[in-house]
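Architecture at a glance
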Amino acid sequence: MKRFIVRYKVYIILFSLALAVAYYFCLPDTLFDEPYSTVLEGSRGDLLSASIASDGQWRFPELNEVPEKFEKALIAYEDKRFFSHPGIDILSMGRALRQNIAEGRVVSGGSTLDMQVIRLHRKESGRTVLEKAIESVLATRLQFRYSKKEILSLYASHAPFGGNVVGLEAACWRYFGREPKELSWAEAALLAVLPNSPALIHPGKNRDKLARKRNTLLLKLKETKLIDSLTYALAITEPIPGEPLPLPRLARHALLRLTADGKAQQKVRSTIRVELQERVEQILDDHYQKLKGNQIHNACALVLDVETGNVLAYAGNVNSGAEHGFDVDLIAASRSTGSILKPFLYAAMLDEGKILPKTLLPDIPIVIKGFAPKNFTRDYDGAVHADQALIRSLNVPAVYLLKDYRYERFYELLKGMGFSTLNKSPDHYGLSLILGGAEGSLWDITGMYASMARTLNHYFLYPGKNRYVREDFHAPRYAEQEPTEPVLSESSWLNAAAIYQTVDALKEVYRPGEETGWRYFKSSRRIAWKTGTSFGFRDGWAVGITPQYAVGVWIGNADGEGRPGLTGTETAAPVMFDIFSQLDGSGWFNKPLPEMSKIIICSKSGQLFGPNCEKPDTVMVGTVGQSSGLCTFHKKIHLSANKKFRVHSECESLDRVVAQNWFVLPPVQEYYYRGKNITYKPLPPYRADCQPLQAVETMDLIYPKPNAKIFIPRDLDGKPGNAVFELAHRNAAVTVYWHIDGDFIGSTKKVHHMPVNPPEGKHILTLVDETGETLERQFEIISGH
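Small disclaimer: the values here were computed from a predicted structure and weren't measured.

Below, the discussion takes up the packing of helix H12 (residues 274-291) against helix H20 (residues 568-580). In contact at an axis separation of 10 Å, H12 and H20 are set at 150 degrees when each is read in the N-to-C sense. Classified by the interaxial angle, the pair formed by H12 and H20 is roughly antiparallel. H20 is crossed by H12, and the crossing has right-handed handedness. Seen from H12, the contacting residues are Val280, Ile283, Leu284, His287 and Leu291; seen from H20, they are Thr571, Pro574, Val575, Asp578 and Ile579. Of the residues in the contact of H12 with H20, the class split is seven nonpolar, two polar and one charged.

Pasting the structure below:
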């Protein structure tokens, strides 16, 4: 008998343990494995935009807490002893049993909110005794995992609210257009009764029945002293909502970025300012109404806070219709950069002391390994100051700068500063890197401009030798990040003096319009800004910075179609200035004086003042500019007494020689420069009896370049075409005689253009002017005739 009792006790213990284990594991680790909407909030928690969940439901991510009014209304309606019972309410279940017996049918279930959470989890619609028993057991188990507040949040997040609306937050926006914490007592009461029978009671339908249920609950709240009589009287007069409201659709393309960044099905509190977002989208739409007349159908804009890099406005496209790709997030799209990267090269050259802001750069035809860049206007200045070349966005001087800096180094510099779309080798881009040969996104480029401004601002935060934070160059951020301890260093990707000189050059409001001449952009503040236009009029860019803000704008067509007049100056810059007009802030960047020095430069060449220069200018430049080299353009020449001819000691007595400093450009530069600068004085010729003691370069070929390979296509009528060779000569009145392979082919005077059509193969071009100076150049024709 004792053995039987012992065995019986063992069975009881084992059975009890089995029940305990089963009870412990009866609740799965994750109660709700459902798809959620992706939700984007503004900086103050305002709903900006949301996407519907993959199952077609408006189901926002789970709430962290339930607003007080909804909590009190829900508990009063569904489960008044919610905070005191262990998941099941015996009194409520007894009451329900009596009612059901009296009615002869199920009219009350006696379910607690805990049990309803289990029912939502199990998705069981049956109301059988077995289901009720299972719900009861699991509801008690729920108490060991979640607090009562957390159980309320689970219920509010997953309860059905009619149609395809699930959860309190989605219901608040769909029915009332506001967030849960802003609910009135009438709205909270309506939402508390709605999940009880969501299929029957739907806003827009059964309005009287819904109003009666709501008002009954409001009366109960008044009787239990949760609201006063005045609140009750006002609440019952509030109307029942009509059809569900559309959700806000601000910054809708930022949702695509959330998904791309792995934040789908999450609620993200962004740094976007709702009011600014609305104004930026309206500005874009206003300009789109004009642009679409020229069949330009897409535009985007990005506004950043310089200090943090936080996104303040994110307008990824305009509402131009599905046929024009309005769903494409063009802030993230890679597009040809045009000239928008030139300020970074200009700053890099200043940073190394290779140029000064006023250094003269060549602006003449150039061919480098088959690459023949041209200015937008197809014209040349001969020579132009570096800052003016930047403001006017001249292509040829930029290529000369990149050739000097080396495109491999510029490639690495861009990547270091945050240009993330360089996915091919430097050789793939070559010198075209500075002229739109690479594609970039508005996201990266605006972030790089903002990083320059940030680096300049932060220069004054950390006095001493190590005052730079290389991490100040970082991508934009659409969500707040915890600050990190800065790592100081002696230098950054670009140093403060070079950045300051660059933004100082870019603050001019007069700019050349690519097709309409110079334009004046009215602005109440100083803005450093740059435009860009891609080949074929496909992309118009404008990016501007102040000490507080960076604004980037792109205009074009998502499918890449070019349109006449689609330029940065004509399309993107006006949008950028309109956006800046909506921003506060004032002041300008402080000069980084510890990195700057006052120097004397030649007013004409922009180089350091040399012994032969005539007019000095005093300017502040980066200290490294002190080693940039003396003026190479001013020469000391010797003239006859009447100053009409050059002479030397072998043909003129020294007492009759007049020494004079002269500004001299190389022949090709002079050829173009003197046509734009009427004050330019060419070198006087040597007197007839006074031949130069050493060779002097008086003429140079513009085309062809040495060892050029030339393809001459046939004309439209099938006849052989011509190549046009071009020469620059210091003396416009001289006659030049042209020869190919020793055969005379013609002469030119004043304008030295010569059409030629030599046979296939290598040839030697010989040019002889009337003074006997000779120039030879080898070239090769690679076309057949």
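A few words now on the state of the cysteines. Disulfides are covalent bonds that link the sulfur atoms of two cysteine residues. Evaluation of the coordinates by the stated rule reveals one disulfide. Across a sulfur-sulfur distance of 1.6 Å, Cys651 and Cys690 are joined as a disulfide pair. Residues Cys651 and Cys690 share a disulfide whose torsion about the S-S bond is about -55 degrees; that sign makes it left-handed. Highlighted residues: Cys651 in the loop between strand E21 (634-639) and strand E22 (658-663) and Cys690 in the loop between helix H21 (667-676) and strand E23 (699-703), separated in sequence by 39 residues. Accessibility expressed as a relative area gives 0% for Cys690, which makes it buried. Of the cysteine sulfurs around Cys602, a residue in no disulfide, the closest is that of Cys613, at 3.5 Å.

Summed over the entire model, instances satisfying the criterion amount to 27 salt bridges. The residue Asp114 makes a salt bridge to Lys148 at a minimum N-O spacing of 3.2 Å. With Asp114 in helix H4 (residues 113-122) and Lys148 in helix H6 (residues 148-158), the pair connects residues that are 34 residues apart, well separated along the chain. Note that Lys465 and Glu490 form a salt bridge whose closest N and O atoms lie 3.6 Å from each other. Of the two residues, Lys465 sits in the loop between helix H18 (442-458) and strand E12 (468-469) while Glu490 sits in the loop between strand E13 (488-489) and helix H19 (496-505), which places them 25 residues apart along the sequence. Of the residues examined, Lys465 reaches a relative accessible area of 63% and is grouped as exposed.

Conventions used here
- Residues numbered from 1 in each chain as written.
- Predicted model: local features only at pLDDT ≥ 70, side-chain atom pairs only at ≥ 80, totals over all residues.
- Heavy atoms only, no water.
- Axes fitted to C-alpha atoms, helices over the stretch in contact; angles between N-to-C directions.
- Helix = DSSP H or I, 4+ residues; strand = E, 2+ residues; numbered from the N terminus.
- Parallel < 35°, antiparallel > 145°, perpendicular 65-115°, else oblique.
- Left-handed = near helix turned anticlockwise from the far one by under 90°.
- Contact = heavy atoms within 4.5 Å.
- Nonpolar A, V, L, I, M, F, W, Y, C, P; charged D, E, K, R; others polar.
- Disulfide = S-S within 2.5 Å.
- Buried < 20%, exposed > 50% of the residue type's maximum accessible area, 1.4 Å probe, protein only.
- Salt bridge = Lys/Arg side-chain N within 4 Å of Asp/Glu carboxyl O.

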